[in-house]
Amino acid sequence: MKTEIRRILGEIAADARFTAAETGRDSFSDKVMKAMAAVARDQFVPDEYRLEAYTNRPLPIGHQQTISQPFIVALMTDLLETAPEQRILEIGTGSGYQAAILSRLVKDVYSIERLAELAESARQRLQTLGYHNVHVRCDDGSEGWPEAAPFDGIIVTAAASEIPAPLLDQLAPGGRLVIPIGRRWGPQELKLIRRSPAGDLETRSVLRVAFVPLLPGKV
Ligand code: SAH
């Protein structure tokens, strides 16, 4: 394994231990760490940030958006507790990096991005890199993807003031929704919502986070 990948995995593991009291997990599953090792993050950042691709930080991807910090990607992926036959919905495709991680763990990934230029470049990048089980759509993700619902897991990578109701409607029994909730510049909390097999919802706060905002409409 390349030195820089080993180093970033070490930093993710250290952050997992450091935040364990809040997140309730002091390490992430092997399959999540393997996916983090397998996806080349330098392919998902603009050329001028290639050298920083394997640092444990968010990076700009244009249009005032960012690719999330690797530790946060690993945490959110781990919280989904995926299984190979599952179908996952992501809101906020951005660079396509989180979608690529998920695509190695589940059968199909449906990802929605409101900015047409980002959606198109992520779609092309994922095709070129061979992530053929990721389906990208340009739309307002707050509405979800009703034609493909229900989903075993839903992950939102932009902060919402409250959980969009359509996403709860599209979460299958036994499913998990991971979403940052809070104001634009104010405190945000990563939330984990679980729908029991009987259909009841249970919500838990996982960690203080800082995400770009979930915005209405497509552009
Ligand atoms: N998951 C991405 C990073 C996401 S940054 C990655 O791995 O690179 C958050 C993204 O959410 C931005 O690209 C932003 O344009 C998008 N976004 C914000 N509001 C949205 C909405 N309502 N529907 C879909 N995408 C949205």
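This text follows the structure it describes.
Conventions used here
- Residues numbered from 1 in each chain as written.
- Predicted model: local features only at pLDDT ≥ 70, side-chain atom pairs only at ≥ 80, totals over all residues.
- Heavy atoms only, no water.
- Buried < 20%, exposed > 50% of the residue type's maximum accessible area, 1.4 Å probe, protein only.
- Helix = DSSP H or I, 4+ residues; strand = E, 2+ residues; numbered from the N terminus.
- Contact = heavy atoms within 4.5 Å.
- Near = heavy atom within 4 Å.
- Polar contact = N/O pair within 3.5 Å; in protein donor to acceptor, adjacent residues only side chain to side chain.
- Nonpolar A, V, L, I, M, F, W, Y, C, P; charged D, E, K, R; others polar.
- Pairing = 2+ DSSP bridges.
- Axes fitted to C-alpha atoms, helices over the stretch in contact; angles between N-to-C directions.

(A) Summary view of helix α3 (residues 30-38). Taken as a whole, α3 has its buried residues at Val 32, Met 33, Ala 35, Met 36 and Ala 37. Packing partners of the buried residues in α3 comprise α1 (3-18), α4 (70-80) and α5 (97-103).

(B) Geometry of the environment of Leu 177. By secondary structure assignment, the location of Leu 177 is in strand β7 (residues 171-182). Note: C-alpha distance between Leu 177 and Leu 79 (98 residues apart in sequence) is 8.7 Å.

(C) Molecular detail of the site of the ligand. The immediate surroundings of the ligand are formed by 27 residues, with Ser 95, Glu 113, Asp 140, Gly 141 and Leu 215 found nearest. A distance of 3.1 Å separates a nitrogen atom of the ligand from a polar atom in the side chain of Thr 157. Contact distances for the ligand include 2.7 Å between a nitrogen atom and a backbone N or O atom of Leu 215. Elements that contribute at least two residues to the shell around the ligand include exactly β2 (65-67), β3 (87-91), α5 and β4 (108-113). Of the residues forming the shell around the ligand, the biggest block, three residues, is contributed by β2. Grouping the amino acids of the shell around the ligand by side-chain chemistry returns eleven nonpolar, eleven polar and five charged.

(D) Just the sheet that holds strand β9 (residues 201-209), in detail. With mixed pairing, seven strands are arranged side by side in an open sheet as β5-β4-β3-β6-β7-β8-β9. With partners counted over all chains shown, the strands left at the sheet margins are β5 (134-138) and β9, one partner each. Strand-to-strand twist of the sheet, defined as the mean angle between neighbouring strand axes without regard to direction, takes the value 15 degrees. Strand direction decides the pairing type here: β3 and strand β6 (residues 151-156), joined by four bridges, are parallel. Bridging across to β6, Glu 90 finds its partner in Ile 155.

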